[in-house]
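The lines below spell out each chain.
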Amino acid sequence: MSGRQHRETELARRIRARGLAAGRGSAQIAEEIHEKCGPQFGTTRIKGHRLAHGIALADVIEQVRALFERDGKPAPGIGETLLSAYESGLKRPGPEYLHYLCTVYRVEPVALGYEGPCICGHGHKMPGVVRGDLQDEKPEASPGPRERWIPPQVDSDPSVDGGEEDENVLRRTLLGLLAGGSVALDGQVLGSVDNIRRRMDGTLVSATVSPAMLDQWEEAAVGFGRQYMNTPPLRLLCDVLLEFSAVRKAMERRQPVDLQERLCRMAAQLSGLSGMIMINLGDHRMARSFFRTGRMAADETGDRALRAWVTAREALVPLYYGDPREALNLAKKSGDLAGQTPCAAQAMAPVVEARALAMLSGSGKKDVVDQAKRALSRARAAFSQMTADQKEDAAFGYTERQLYFHQGDALVRLGQAMEADLILEQALTKYGPSDWLDPTLIRLDRARCKLMEGDVEEALTIAQATIEGLGDGCRPDILMQRAQEVARAVEAKAPGHPRLKSYLEALRTASVTELEVPTA
């Protein structure tokens, strides 16, 4: 074993040990191994599952051979060399070998890094295991508020609803929030969230469904869009998903063709909005799942503007969670989908493109600055062509204040501190007193500007006042990550600054408070 392989194995062993001690199942441990070992060692998803089980290549081969024997088939030709090629990404297993590898690890192909269903057609559910990209074995201990465990799904047939209990979980959560109780985003809530989304997936896939929609649902969606900027995310998520579940039930029944597109549009909008909320709550995997569902629904409408909107919103997942290259690709795809159609995505996509370019190439490079500024210029031109209604909708459209904010954010990342600060200051004046999400991000960006200008004291003053001014339920993961970015930037620029300790303490207090106090 090479030194690199040894280090990979040792890190995976530690991750596995901690995961088992915490009561996590092998599928969840495998995902964590892939996330933490992948960037450093190129660990693939399929290899992550073997390391999560703590077994050697030879053990997997023997299990595959035993399964072939059980099924009355001749001994397979798979060996350690071929399996190693799968794990390194040099080769892809054929349908039969993929089926048996899924059987060994008790997961679906997507968990091993391969798209599409298994040839067996019935999946590989085992006791305590669920299907999908967030599958896992049920832990013995109760999951913490940050863990992403999904309870086992008893039925995968969309014709069997089984969703009443999931809706009840969300209703209880919403009632708790309204009553001022302490409600955590735990495994049970996340399980209900994803079960509702999965049932929508099943409904959309069914070719016999003819969707329908009531006017009140469309009005509700518009209302949720208005609440997006000023309602604590977990509370809003409960409201959105209860409507989302009602839409799915209507889609199970045949409806007149003229109403089909309206209902698919609702499914796409509510799914996209749920993805946006999951970004704010810090669960990027669940956000991706909702955007995938949103794309399925949007594709049914044939509406280029809607499809482009879902894709532009999805681009924010890799933008905020460490993959600007993918964000750039999605932004360009969104722009291509929008084409010459005046719509929100036509303005949003080039802004995401500019922000991704800044993250990819760092600040201060003239060619990157010029390229990003050209993208921002395209965004402003597209914004001027949007309708008045689109300019007033913060969730399904794109507002002037969002345009100012996102331009300022791009300029911060490009190192254009003075210009960024002026635009961000203008952006703040366009938000109302009840808006808190974007204004908080803007103030943290302004703190970064002050830091780039050399005023560390002012940067920490702005950032600390911003964090301490947030109300209960208004400290989602996305804000705390940005606040931590300010701390890391100060530590790099002025590690011994006397105000840094106070700011770090404010961050710790805010994080603990968010988990413990009522979130209504």
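The rules we used
- The numbers attached to residues start from 1 for each chain and follow its sequence in the written order.
- Restriction of local features to residues with pLDDT of at least 70 applies here, the model being predicted, together with a cutoff of 80 or more for giving and counting side-chain atom pairs; totals for whole chains, interfaces and linings are based on all residues.
- To obtain the side-chain values, all non-hydrogen atoms of the structure were included, while hydrogens and water were left out.
- Helix and strand labels come from DSSP, where a helix needs a run of H or I of at least four residues and a strand needs a run of E of at least two; each type is numbered from the N terminus.
- Using a 1.4 Å probe on the protein chains alone, a residue whose accessible area is under 20% of its type maximum counts as buried, one over 50% counts as exposed, and one in between counts as partly exposed.
- Only heavy atoms enter the contact rule, under which two residues are in contact if any of them lie within 4.5 Å.
- Here the open area of atoms and residues is found with the Shrake-Rupley method and a 1.4 Å probe, where only the protein chains shown may cover a residue.
- Put plainly, a pocket is an open set of points on a 1 Å grid over the protein atoms alone with protein on both sides within 12 Å along at least five of seven lines, a cavity is a set where a 1.4 Å probe fits but cannot get out, and a lining residue has an atom within 4 Å of a point.
- Grid points are joined across faces, edges and corners, and a volume is the space filled by probe spheres set on the points.
- Residue polarity follows a fixed list, in which Ala, Val, Leu, Ile, Met, Phe, Trp, Tyr, Cys and Pro are nonpolar, Asp, Glu, Lys and Arg are charged, and the others, Gly among them, are polar.
- Only buried residues count toward a nonpolar core. Its members are Ala, Val, Leu, Ile, Met, Phe, Trp, Tyr and Cys residues joined through side-chain atoms within 4.5 Å.
- Residues scored as positive are Lys and Arg, those scored as negative are Asp and Glu, and His as well as the terminal groups of each chain are ignored.
- Just to be clear on terms, a salt bridge is a Lys or Arg side-chain nitrogen sitting within 4 Å of an Asp or Glu carboxyl oxygen.
- Lines are fitted to the C-alpha atoms to define the axes, a helix being fitted only along its stretch in contact, and any angle between axes, read from their N-to-C directions, falls within 0 to 180 degrees.
- In this scheme, roughly parallel covers angles under 35 degrees and roughly antiparallel covers those over 145, while 65 to 115 is roughly perpendicular and the rest are oblique.
- Here is the rule for handedness: rotate from the far helix to the near one, and if that takes an anticlockwise turn smaller than a right angle the crossing is left-handed, while a clockwise turn gives right-handed.
- Helices are assigned an expected span. That span is 1.5 Å times one less than the residue count.
- Centres within 6.5 Å are what make two rings of Phe, Tyr or Trp a pair, Trp counting through its six-membered ring; a difference in plane orientation under 30 degrees is then read as stacked, over 60 as edge-to-face, and the rest as tilted.
- Charge-over-ring contacts are defined here by two conditions on Lys NZ or Arg CZ: a distance within 6 Å of the ring centre and an angle within 35 degrees of the ring normal.
- The term polar contact refers here to a pair of N or O atoms within 3.5 Å; inside protein, the definition further demands a hydrogen-donor-capable atom paired with an acceptor-capable atom, and it admits residues adjacent in sequence only when both atoms are side-chain atoms.

Trainee: How should I be thinking about the overall build of the protein chain in this particular structure?
Mentor: From N to C terminus, the protein chain includes 24 helices and 0 strands. Residues classed as buried in the protein chain amount to 54% of the 520 residues present. When contacts within the protein chain are restricted to residue pairs at least 6 apart in sequence, long-range pairs at least 24 apart make up 67% of them. With the model as given, the accessible surface of the protein chain reaches about 22300 Å², and the carbon-plus-sulfur share is 50%.

Trainee: Would you take a moment to explain empty space enclosed by the protein for this structure?
Mentor: Where empty space is left becomes clear once a probe the size of a water molecule has been rolled over the atoms. Tallying each qualifying case throughout the model produces 4 cavities of 30 Å³ or more. By volume, the largest cavity is sized at about 140 Å³. Looking at the lining of the largest cavity, the elements that each hand over two or more residues are α11 (257-281), α14 (316-320), α19 (400-413) and α21 (437-452). For the lining of the largest cavity, the class distribution of residues is 10 nonpolar, 3 polar and 2 charged.

Trainee: What am I meant to see in the environment of threonine 509 here?
Mentor: Looking at the element boundaries, threonine 509 is found in helix α24 (residues 498-516). In this structure threonine 509 comes out as partly exposed when scored by relative accessible area, which is 40%. Along the primary structure threonine 509 and glutamate 468 are separated by 41 residues, whereas in three dimensions their C-alpha atoms are 9.0 Å apart.

Trainee: Quick question: what am I supposed to make of the nonpolar core here?
Mentor: Most often, soluble globular proteins keep nonpolar side chains buried together rather than apart. With 127 residues, the main nonpolar core has Tyr228, Val247, Leu273, Tyr398 and Tyr503 as its most contacted residues. Looking at this core element by element, the count peaks at 12 residues for α11. Ranked by size, the runner-up nonpolar core spans 22 residues in total, among them Ile46, Ile61, Ile78 and Tyr100.

Trainee: Any chance you could explain the side chain of aspartate 438 here in plain terms?
Mentor: Structurally, the position occupied by aspartate 438 is in helix α21. The buried charged residue aspartate 438 lacks any salt bridge partner; its closest oppositely charged side chain belongs to arginine 401, at an N-O distance of 6.0 Å.

Trainee: Explanation requested: the packing of helix α2 (residues 26-41) against helix α3 (residues 45-53) in the structure shown.
Mentor: Each packed pair of helices is defined by two parameters, the angle between the axes and the distance between the axes. α3 packs onto α2 with a crossing angle of 125° between their chain directions and a minimal axis gap of 8 Å. Between α2 and α3, the interaxial angle falls into the category oblique. Read as a crossing pair, α2 and α3 show a hand that is right-handed. Residues Ser26, Ala27, Ile29, Ala30, Glu31, Ile33 and His34 of α2 pack against Arg45, Gly48, His49, Leu51, Ala52 and His53 of α3.

Trainee: Whenever I open this one, the packing of helix α13 (residues 304-314) against helix α16 (residues 344-361) confuses me. Can you help?
Mentor: Following both chains from N to C, one finds α13 and α16 inclined at 25°, their axes separated by 9 Å at the closest point. One way to sum up the angle between α13 and α16 is to call them roughly parallel. Two packed elements cross with a definite hand, and for α13 against α16 that hand is left-handed. Taken together, the residues of α16 that come into contact with α13 (itself represented by Ala308, Trp309, Ala312 and Arg313) are Ala345, Met348 and Val352. A class-by-class count of the residues in the contact of α13 with α16 yields 6 nonpolar, no polar and 1 charged.

Trainee: So what exactly am I meant to see when it comes to the layout of surface pockets here?
Mentor: Taken as a whole, the second largest pocket encloses approximately 550 Å³ of empty space. Every residue lining the second largest pocket is counted, 24 residues in all, and those nearest its centre are Glu8, Thr9, Lys47, Arg50 and Leu51. Considering every element that reaches the lining of the second largest pocket, the biggest residue donor is helix α1 (residues 3-21), with 7 residues. Here the residues of the lining of the second largest pocket are counted per class, giving 8 nonpolar, 8 polar and 8 charged.

Trainee: Looking at this structure, I do not really get helix α15 (residues 324-338). What am I missing?
Mentor: One full turn of an α-helix is made of 3.6 residues, so residues set three or four places apart face in the same direction. The terminal C-alpha atoms of α15, which comprises 15 residues, lie 21 Å apart, in line with the 21 Å expected from a rise of 1.5 Å per residue. If you check which residues of α15 are buried, you get Pro324, Ala327, Leu328, Leu330, Ala331, Ser334, Leu337 and Ala338. Looking at the buried residues of α15, the elements they touch are α13, α14 and α16. Two residues or fewer after α15 comes glycine 339, characterised by a positive phi angle close to 60°.

Trainee: Is there a simple way to think about the packing of aromatic side chains in this case?
Mentor: In this description, an aromatic ring pair is defined by two values, namely the gap between the centres and the angle between the planes. Inspection of the entire model under this criterion finds 4 aromatic pairs. A cation over an aromatic ring shows up here: lysine 73 above the ring of phenylalanine 68, its NZ or CZ 5.7 Å from the ring centre. Looking at lysine 391, its charged tip hangs above the ring of phenylalanine 383, at a distance of 4.9 Å from the centre.

Trainee: Please explain the side chain of threonine 44 as it appears in this structure.
Mentor: As for its position among the elements, threonine 44 is in the loop between α2 and α3. Look at threonine 44 and you get buried, because its relative accessible area is 18%. There is a polar contact of 3.3 Å between the side chain of threonine 44 and the backbone nitrogen of lysine 47. Not counting the four nearest positions on each side in its chain, threonine 44 is found in contact with His34, Glu87, Ser88 and Gly89.

Trainee: Even after reading the chapter, I still don't get the pattern of salt bridges, so can you show me in this structure?
Mentor: Side-chain pairs of opposite charge can arise whenever the charged atoms involved come near each other. In the structure shown here, the tally under the stated rule is 34 salt bridges. Among the ionic pairs, aspartate 299 bridges to arginine 307, the shortest N-O distance being 3.1 Å. Relative accessible area serves as the criterion here: at 45%, aspartate 299 is assigned to the partly exposed category. Overall, the relative accessible area of 27% leaves arginine 307 in the partly exposed class.

Trainee: Sorry if this is basic, but what is going on with unusual backbone geometry here?
Mentor: If a residue is not glycine, its phi is most likely negative; likewise, a peptide bond is most likely trans. With a phi angle near 60°, arginine 106 is a residue other than glycine that sits in the positive phi range. Topologically, arginine 106 is positioned in the loop between α6 (95-105) and α7 (164-178). We classify arginine 106 as partly exposed; its relative accessible area is 37%.

Trainee: Is there a simple way to explain helix α12 (residues 284-301) in this structure?
Mentor: The first and last C-alpha atoms of α12 sit 26 Å apart over 18 residues, in line with the 26 Å expected at 1.5 Å per residue. When α12 is considered as a whole, its buried residues turn out to be Arg285, Met286, Ala287, Ser289, Phe290, Phe291, Thr293, Gly294, Ala297, Ala298 and Thr301. The positive-phi residue at the C-terminal boundary of α12 is glycine 302, with phi of around 70°.

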